[in-house]
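# Structural overview for review
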Amino acid sequence: YGLSLIGREAFAEPGRLAQVAFAAATDVMIYGQKACTASQVQFVEGSEAQARAYADCLAEVLKRWDTLAPPFVAPATRGQLKRLQRGKYASADWRTNQHGQGFSSGVAVLSREFDILDHPMCRLVLVRPVDDLREALPAMSAAVSTVGVYPEARRLALRDALGARGVSNILPLGECERVYPGAPQDGMLVLSELVDWKNG
């Protein structure tokens, strides 16, 4: 699964937060959030109020995506979302968008850990406020396919620590769909396994 790390620089000047939310939503939308590179949980460095402001921007961007490319949300998924909202994650601060008769996308601000196995993979983003992006490092493992990071200076500063924890792809926020022939997948050079190597 994919994660995002958003530094406090996103709040540095007016208008920047909307740009960052747009980039983050681009990573959410990869194959309708069903790809292993799609962002599902986003760690936001800042206060809880700042994380909520970011969540508002992100929900608005996702709402525009819902209009341009309406999602199909299966009845079972809608039921799962209701269980999350009314049960295990009832204390989260939820923002949900509707298209037609039901859920189309949403953002929930959560101050505690989220079990990734609970994620319904349907344009739902969990936002976790942190005081420092390094607080997100314990959540990193070989199970994390891709991490998008903003800004670039923070990505470069965290790249080695993220890679050491098993993350396969550490990319700029908004560019997590970037692939190329022969790229590593899940820490392996898969294409090279399909080649019969010779020495001459």
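Up top is the structure these notes are about.
Below you will find a few notes about this structure. Since the structure is predicted, the reported quantities are computational estimates derived from the model, not experimental observations.

What follows concerns the overall build of the protein chain. Regarding its fold elements, the protein chain presents four helices and seven strands. Element order for the protein chain, N to C, with α for helix and β for strand: β-α-β-α-α-β-β-β-β-α-β. For a compact globule of 200 residues, the expected C-alpha radius of gyration is about 16 Å, and the protein chain comes in at 17 Å, within 12% of that figure. C-alpha extents for the protein chain along the principal axes are approximately 65 × 40 × 30 Å.

Using the criterion set out here, one finds one aromatic pair in the structure. Ring geometry for Y89 against F114: centres 4.8 Å apart, planes inclined by 40°, an arrangement best described as tilted. Of the two residues, Y89 is situated in the loop between helix 3 (75-86) and strand 3 (93-99) and F114 in the loop between strand 4 (102-109) and strand 5 (124-130); the sequence distance between them amounts to 25 residues. Accessibility assignment for this pair places Y89 and F114 in one class, buried.

Turning our attention to unusual backbone geometry. Note: most peptide bonds trans; most residues except glycine with negative phi. Following Y150, the chain continues to P151 via a peptide bond in cis, the omega torsion being -5°. Of note, P151 is situated in the loop between strand 6 (146-150) and helix 4 (152-164). The phi torsion at M121 lies on the positive side, around 50°, for a residue other than glycine. Tracing the backbone shows M121 in the loop between strand 4 and strand 5. Classification of M121 as partly exposed rests on a relative accessible area of 34%. The backbone of R123 sits at a positive phi, close to 60°, despite the residue not being glycine. Position of R123 relative to the elements: it lies in the loop between strand 4 and strand 5.

Our next topic: the nonpolar core. Counting 30 residues, the largest nonpolar core has L5, M140, V147 and L162 as the members making the most contacts within it. Among the elements of the structure, strand 1 (2-6), strand 2 (39-45), helix 3, strand 4, strand 5, strand 6 and helix 4 are those that each provide at least two residues to this core. Sequence-distant contacts of V147, defined by excluding residues within four places in its chain, comprise L3, L5, M140, L162, V167, N169, I170, L171 and C176. V44, Y54, L62 and V125 belong to the second-largest nonpolar core, a separate cluster that totals 23 residues.

Okay, the environment of A55 next. Tracing the backbone through its elements, the reader meets A55 in helix 2 (residues 48-68). Its relative accessible area of 0% is what places A55 among the buried residues. Separated by 40 residues in the primary sequence, A55 and R95 place their C-alpha atoms 7.8 Å from one another. Dropping the residues within four chain positions of it, A55 is found in contact with R95, V107 and V109.

Taken as a whole and assessed by the stated rule, the structure comprises 14 salt bridges. R8 is the partner of E45 in a salt bridge, and the nearest nitrogen-oxygen pair spans 3.7 Å. Remark: R8 occurs in the loop between strand 1 and helix 1 (16-28) and E45 occurs in strand 2; sequence separation between them is 37 residues. Accessibility expressed as a relative area gives 42% for R8, which makes it partly exposed.

Moving on: the state of the cysteines. In the structure shown here, the tally under the stated rule is zero disulfides. C176 takes part in no disulfide bond, and the closest cysteine sulfur to it belongs to C36, at a distance of 11 Å.

How each quantity is defined
Residues numbered from 1 in each chain as written. Predicted model: local features only at pLDDT ≥ 70, side-chain atom pairs only at ≥ 80, totals over all residues. Heavy atoms only, no water. Helix = DSSP H or I, 4+ residues; strand = E, 2+ residues; numbered from the N terminus. Rg over C-alpha atoms; globule rule 2.2 N^0.38 Å. Phe/Tyr/Trp six-rings, centres within 6.5 Å; stacked < 30°, edge-to-face > 60°. Buried < 20%, exposed > 50% of the residue type's maximum accessible area, 1.4 Å probe, protein only. Core = buried A, V, L, I, M, F, W, Y, C linked by side-chain atoms within 4.5 Å. Contact = heavy atoms within 4.5 Å. Salt bridge = Lys/Arg side-chain N within 4 Å of Asp/Glu carboxyl O. Disulfide = S-S within 2.5 Å.

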